[in-house]
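# Examination of the molecular architecture
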Amino acid sequence: MLLADVTPQDLASAARNELKTLSKENAEQVARHLAMAARLIDDDPELAHQHALAASRSAGRIAVVRETVAITAYAIGDFALAVRELRTFRRISGRDDQIALLVDSERGVGRPDRALEVGRAVDRTALPVEVRVELAIAMSGARLDLGENERALQELDIPELDPDRAFSWSPGLFAARAAVLEELGRLDEAAQWQRRAEIAEDVIGARDADSETLLIEEIDEVELDDDEIDDLDPDGEDAVAPAPAESESEPEPEPELATEIAPEPAPASVQDEVDEILAEAGIDDAAGDAPDAESTR
């Protein structure tokens, strides 16, 4: 049943654009079903799936419709249907936006080997960052399914794994690493990564609470305050000092969860070393008896 307050405009504009090949009346009806599915996916995934199926009956050749059916099928645990719909979505759209979900759905039907094969067939460098991270997590899970725990950890060793900064994908990536470390029996490290995941999620959640709309395309990183940085390592081993200020000619850096590690003190100059030698020898350089730095070379 469609609620009266749900309109086609509730659907994202990019999705509405895909419906332009339909008649006006049909496009509006499909858009409302898709909007209902998006609204219900977290609280009532079964009902969301019914709306997705209703949209599919009227617009089965539209990529976003098959994508929605796949997502809702995955949400209710119908992994076989999710696999079929995701393959159809890829064939229609030519996109790999949901490759991580496909890998995870293959795991769901008990085919971790097939999941790894699907994931390896994709050019990861061509994927958006969020999709690349999600794929790494799914591939790691497939390795765990096969009992390959060390290789599961290696799947998560990606450039986006930055313990000192929080992006939108960081909580899930940190938590996945914690889970693998726990499987390996490295409990102290697992607890540390889980704590990082919780801190990142809390900080990002607090920021998003002030915003009514979160754009999927945004890649955000946020800066923790001193107390939260200290929480990353109670012993202070991960504590870092503020990064030096950038020069005016350079662009202002993005905000970071933690700043760069303070540099080591600069080495003594040649003249400093000469002065120290003269002082140990009891020679007063101020009297003018010491050779200059050039003559010591």
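Residues numbered from 1 in each chain as written. Predicted model: local features only at pLDDT ≥ 70, side-chain atom pairs only at ≥ 80, totals over all residues. Heavy atoms only, no water.

### What about helix α6 (residues 99-108)?
Every α-helical turn comprises 3.6 residues, leaving residues that sit three or four positions apart pointing alike. Which entries qualify depends on this criterion: Using a 1.4 Å probe on the protein chains alone, a residue whose accessible area is under 20% of its type maximum counts as buried, one over 50% counts as exposed, and one in between counts as partly exposed. Put simply, DSSP H or I for four residues or longer makes a helix, DSSP E for two residues or longer makes a strand, and each gets a number counted from the N terminus. Any two residues whose heavy atoms approach within 4.5 Å at even a single point are treated as in contact.
Within α6, 8 of the 10 residues are buried, leaving the element largely enclosed by the surrounding structure. On the buried face of α6, the contacting elements are α4 (63-75), α5 (79-93), α7 (112-120) and α8 (129-145). Gly 110 occupies a position one or two residues after α6 and carries a positive phi of about 85°.

### Section: helix α2 (residues 24-40)
This is how the line gets drawn: Here the expected span of a helix is defined as 1.5 Å times the quantity of residues minus one.
The terminal C-alpha atoms of α2 lie 24 Å apart, and with 17 residues this matches the ideal 24 Å at 1.5 Å per residue to within 8%. For α2, the complete set of buried residues consists of Ala 27, Val 30, Ala 31, Arg 32, His 33, Leu 34, Ala 35, Met 36, Ala 37 and Leu 40. Taken together, the buried residues of α2 touch α3 (45-58) and α4.

### Comments concerning the nonpolar core
Note the threshold: Nonpolar cores are built from buried Ala, Val, Leu, Ile, Met, Phe, Trp, Tyr and Cys residues. Side-chain atoms within 4.5 Å join them into one set.
Ranked by size, the top nonpolar core spans 21 residues in total, and within it Ile 158, Leu 161, Leu 173, Phe 174 and Trp 193 carry the most contacts. Listing elements by their share of this core, those giving two or more residues are α8, α9 (149-155), β1 (166-167), α10 (170-183) and α11 (187-208). A per-element tally of this core places α10 first, with 6 residues. Counting 18 residues, the second largest nonpolar core, distinct from the first, contains Val 103, Val 118, Val 122 and Leu 127.

### Brief notes about the packing of aromatic side chains
Test applied: We call Phe, Tyr and Trp rings a pair once their centres come within 6.5 Å, taking the six-membered ring for Trp, and we label the pair stacked below 30 degrees between planes, edge-to-face above 60, and tilted otherwise. Lysine and arginine charges are scored as sitting over a ring when NZ or CZ, respectively, is within 6 Å of the ring centre and within 35 degrees of the ring normal.
Using the criterion set out here, one finds 3 aromatic pairs in the structure. On the basis of an interplanar angle of 70° and a centroid distance of 5.4 Å, the ring pair of Tyr 74 and Phe 79 is categorised as edge-to-face. Judged by its relative accessible area of 25%, Phe 79 is partly exposed. Across from the ring centre of Trp 193, 4.7 Å away, lies the NZ or CZ of Arg 196, which sits over that ring.

### Brief notes about the environment of Gly 141
Its place among the elements puts Gly 141 in helix α8. Counting along the chain gives 37 residues from Gly 141 to Asp 104, while the straight-line C-alpha distance between them is 7.9 Å.

### Description of the pattern of salt bridges
To keep it simple, the criterion reads: By definition here, a salt bridge exists when the distance from a side-chain nitrogen of Lys or Arg to a carboxyl oxygen of Asp or Glu is within 4 Å.
The tally for this structure, following the rule as stated, stands at 19 salt bridges. Measuring nitrogen to oxygen at the nearest pair gives 2.8 Å for the salt bridge that ties Arg 111 to Glu 106. Residue class for Glu 106 comes out buried when judged on its relative accessible area of 0%.

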